[in-house]
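# Structural overview for review
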Amino acid sequence: MGRFGSAEALRWLSTHGAHADSVEMKTLLVPPAGAAAEALTGRHGPTWSVRQSYLLDTAELDLLRAGVEVRLRRRARGKFDLAVSARRRGTELGCYRPRGARVEYDVVPEGVWKDIEVRRDIDSAIAASVIAGSAKARELLSATQSQWALTGGNEAVDDARLSELRVHGPMVVRRVKVTATALGLRRVDLEHFRFPSGRELVELSTRCCPQEVPEAAAGFEQLLAERDVMVAPEYCTKTSVWHDEIVGRGRGE
């Protein structure tokens, strides 16, 4: 049993994940993020890139409860993109993918998840208007994204709900790149997520092609073993934290 996923999960991917665009392996680390970054990069005070992520959903979180997440992301140099994602365990999403969608499998301590995402760039002025509340969030969704938001979940969402989308957040995301090519890992990212309440998650991840899963898994495990970092005892998703944040705020917690 690996610290970020099981041997059974990796074997399953070798036969069922060939159609995916990528596989991401990830685990949470024990904070603080700064100490983890220094241990992983070998540098004192490494430079972090910073972006902001907003959740677009109704006040009752109808999309999130149905299994769909709509994220508006402010990237470097003021650029924005919007992603509509449906995520399920294993093969529950089947083989259907909307036009232009990206398919990725996530390997985490709790198992394997399949994510089908439709993403597009957003005009920065329109995005800023939506964040400020002077434009409706639904205007950001393309026709394909709107359809996926309505049908990609565990149950269909009423079209009227998309007109009720509001902006939640932001979550501040800091990222530092970790070099581990000697372990056969082309890309490793350490990300520090800070939610509006101040709650933090520190996540280490690597991406690879489905065919490279066994080698990447071994390299990722070795990276965790060799660097002075501690894997968190439990894994939780950013989506679950978003849910707890918004529901708790609605209850006045």
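Our subject is the structure that appears above.
This write-up is about the structure you can find in this document. Each residue is numbered by its place in its chain's sequence as written, counting from 1. Residue-level local features of this predicted model are given only where pLDDT is at least 70; pairs of side-chain atoms are given and counted only at 80 or more, and the full residue set underlies all totals for whole chains, interfaces and linings. Water and hydrogen atoms were dropped before computing side-chain values, which therefore reflect all heavy atoms in the structure.

### Quick look at the overall build of the chain
Under the DSSP-based scheme used, a helix requires at least four consecutive residues in state H or I and a strand at least two consecutive residues in state E, with every element numbered from the N terminus. If you tally the helices and strands in the chain, you get eight helices and nine strands. Since a compact globule built from 253 residues should have a radius of gyration of about 18 Å, the 18 Å found for the chain is in line with a globular shape. Considered along the principal axes of its C-alpha atoms, the chain spans approximately 50 × 40 × 35 Å. Exposed residues in this analysis have more than 50% of their type's maximum accessible area, buried residues have under 20%, and partly exposed residues fall in between, with area computed by a 1.4 Å probe over protein chains only. Within the chain, the proportion of its 253 residues that are buried is 49%. What makes two residues a contact is simply this: any of their non-hydrogen atoms within 4.5 Å. At a minimum sequence separation of 6, the contacts of the chain that also span at least 24 residues come to 66%. When the accessible surface of the chain is totalled, it reaches about 12,300 Å², and 48% of it is carbon and sulfur. With 37 positive and 35 negative side-chain charges, the chain shows a separation of 4 Å between the mean positions of the two kinds. In this description the radius of gyration comes from C-alpha coordinates, and the expected globular size is given by 2.2 Å times residues to the power 0.38. Each accessible area value is a Shrake-Rupley result obtained with a 1.4 Å probe; residue values ignore everything except the protein chains displayed when judging cover. When charges are tallied, Lys and Arg are placed among the positive residues and Asp and Glu among the negative ones, while His and the ends of the chain are skipped. Taken as the charge centre is NZ of Lys, CZ of Arg, CG of Asp or CD of Glu, depending on the residue.

### Comments concerning the environment of Leu56
Secondary-structure assignment places Leu56 in strand S2 (residues 49-57). Along the backbone, Leu56 and Glu203 are 147 residues apart, and their C-alpha atoms lie at a distance of 23 Å. Among residues more than four places away in sequence, those in contact with Leu56 are Val70, Leu72, Leu82, Ala137, Leu140, Leu165, Arg166 and Val167.

### Quick word on the pairing of strand S5 (residues 102-108)
Burial analysis of S5 places six of its seven residues in the buried class, which makes it a mostly covered element. Strands qualify as paired when DSSP identifies two bridges or more between them. Note: strand S1 (residues 22-29) against S5, four bridges, orientation parallel. Directly across from Glu24, in S5, lies its bridge partner Asp106. Here S5 folds back onto strand S6 (residues 111-122), and the loop between the two strands holds two residues.

### Digging into helix H7 (residues 213-226)
For a helix, the expected span equals 1.5 Å multiplied by the residue count minus one. The first and last C-alpha atoms of H7 sit 20 Å apart over 14 residues, in line with the 20 Å expected at 1.5 Å per residue. Among the residues of H7, Val213, Ala216, Ala217, Gly219, Phe220, Leu223 and Leu224 are the ones counted as buried. Seen along its axis, H7 keeps its buried residues to an arc of 165°; they face one direction. Of the exposed residues in H7, those oriented more than 90 degrees away from the buried face are Glu215 and Ala225. Each C-beta atom gives one direction from the helix axis, and the arc is the one those directions make.

### Overview of unusual backbone geometry
Cis geometry marks the peptide bond from Pro31 to Pro32; its omega dihedral reads 10°. Checked against the element boundaries, Pro32 lands in the loop between S1 and helix H2 (33-41). Cis rather than trans, the peptide bond between Gly169 and Pro170 has omega equal to 15°. When you line up the elements, Pro170 lands in strand S7 (residues 166-180). One non-glycine residue with positive phi stands out, namely Leu61, at about 60°. With respect to the element layout, Leu61 can be found in the loop between S2 and helix H3 (62-66). Although it is not a glycine, Arg77 adopts a positive phi angle of roughly 60°. Here Arg77 shows up in the loop between strand S3 (68-74) and strand S4 (80-89).

### A short note on the pattern of salt bridges
Think of a salt bridge as a Lys or Arg side-chain nitrogen and an Asp or Glu carboxyl oxygen that are within 4 Å of each other. Counted by the stated rule, this structure contains 20 salt bridges. Among the ionic pairs, Glu117 bridges to Arg71, the shortest N-O distance being 2.6 Å. Highlighted residues: Glu117 in strand S6 and Arg71 in strand S3, separated in sequence by 46 residues. Accessibility classification places Glu117 together with Arg71 in one group, the buried group. Across the salt bridge formed by Arg161 and Glu164, the nearest N and O atoms sit 3.1 Å from each other.

### Observations regarding H2
Within H2, the full set of buried residues consists of Ala33, Ala36, Ala37, Leu40 and Thr41. One side of H2 carries all its buried residues, which in axial view fall inside an arc of 110°. The elements touched by buried residues of H2 are S1, S7, strand S8 (185-194), strand S9 (200-208) and H7. Gly42 sits one or two residues past H2 and shows a positive phi near 75°.

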